[in-house]
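Overview (structure and organization)
Take a look at the letters that make up each chain.
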Amino acid sequence: GPHAAMSSAPARLRSLLARPGCHLMPCCFDPLSARLVEASGFPVTFASGFSVAAAHGLPDTGLLSYGEMEHAMRRITGSLKAVPCIGDGDTGYGNAVNAKRTARAASRRAVEPPAGPN
């Protein structure tokens, strides 16, 4: 909308998620797929560990590192004009110290914090 450029991506995401109902958000895995989601008119996208790993030719078995996911998220969010992107923090990329680092980075970038062990 006209106010999209005037508010931050985290503020737009909070506003969207505060609305009742289910929210359709196609997954992206790189800047091109993120821009395609945005160009298709969706108000939000997300990048999962699975999607980014698959784009790197890797299985979703924890082989993607924190740095690789952070790099992918920087490229994805840098390509978007107004649509927020939810990032997958997986389980924090290691032990409790790694999970704390991931959660802090997530809060600074407004991405999903680690979910913890399943």
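Please refer to the structure higher up on the page.
Residues numbered from 1 in each chain as written. Predicted model: local features only at pLDDT ≥ 70, side-chain atom pairs only at ≥ 80, totals over all residues. Heavy atoms only, no water.

**Concerning the overall build of the protein**
Each helix and strand counted, the protein has 5 helices and 3 strands in total. Of the regular secondary structure in the protein, the N- to C-terminal order runs α-β-α-β-α-α-β-α. The buried share of the protein, reckoned over its 118 residues, is 33%. Carbon and sulfur atoms make up 61% of the accessible area of the protein, which totals about 7,100 Å². (Helix = DSSP H or I, 4+ residues; strand = E, 2+ residues; numbered from the N terminus. Buried < 20%, exposed > 50% of the residue type's maximum accessible area, 1.4 Å probe, protein only. Areas by Shrake-Rupley, 256 points an atom, 1.4 Å probe, with all protein chains shown as cover.)

**As for the pattern of salt bridges**
One pass over the structure, following the stated rule, counts 2 salt bridges. We note a salt bridge from Glu 38 to Arg 35, for which the minimum N-O separation is 3.7 Å. Of this pair, Glu 38 and Arg 35 are both found in helix α2 (residues 31-39), 3 residues apart, which corresponds to roughly one turn of the helix. The buried category is assigned to Glu 38, whose relative accessible area is 15%. In this structure, Glu 70 engages Arg 74 in a salt bridge whose closest nitrogen and oxygen atoms are separated by 3.4 Å. Residue Glu 70 and its partner Arg 74 are located together in helix α4 (residues 66-79), separated by 4 residues, close to a single helical turn. Taking relative accessible area as the criterion, Arg 74 reaches 48% and is therefore assigned partly exposed. (Salt bridge = Lys/Arg side-chain N within 4 Å of Asp/Glu carboxyl O.)

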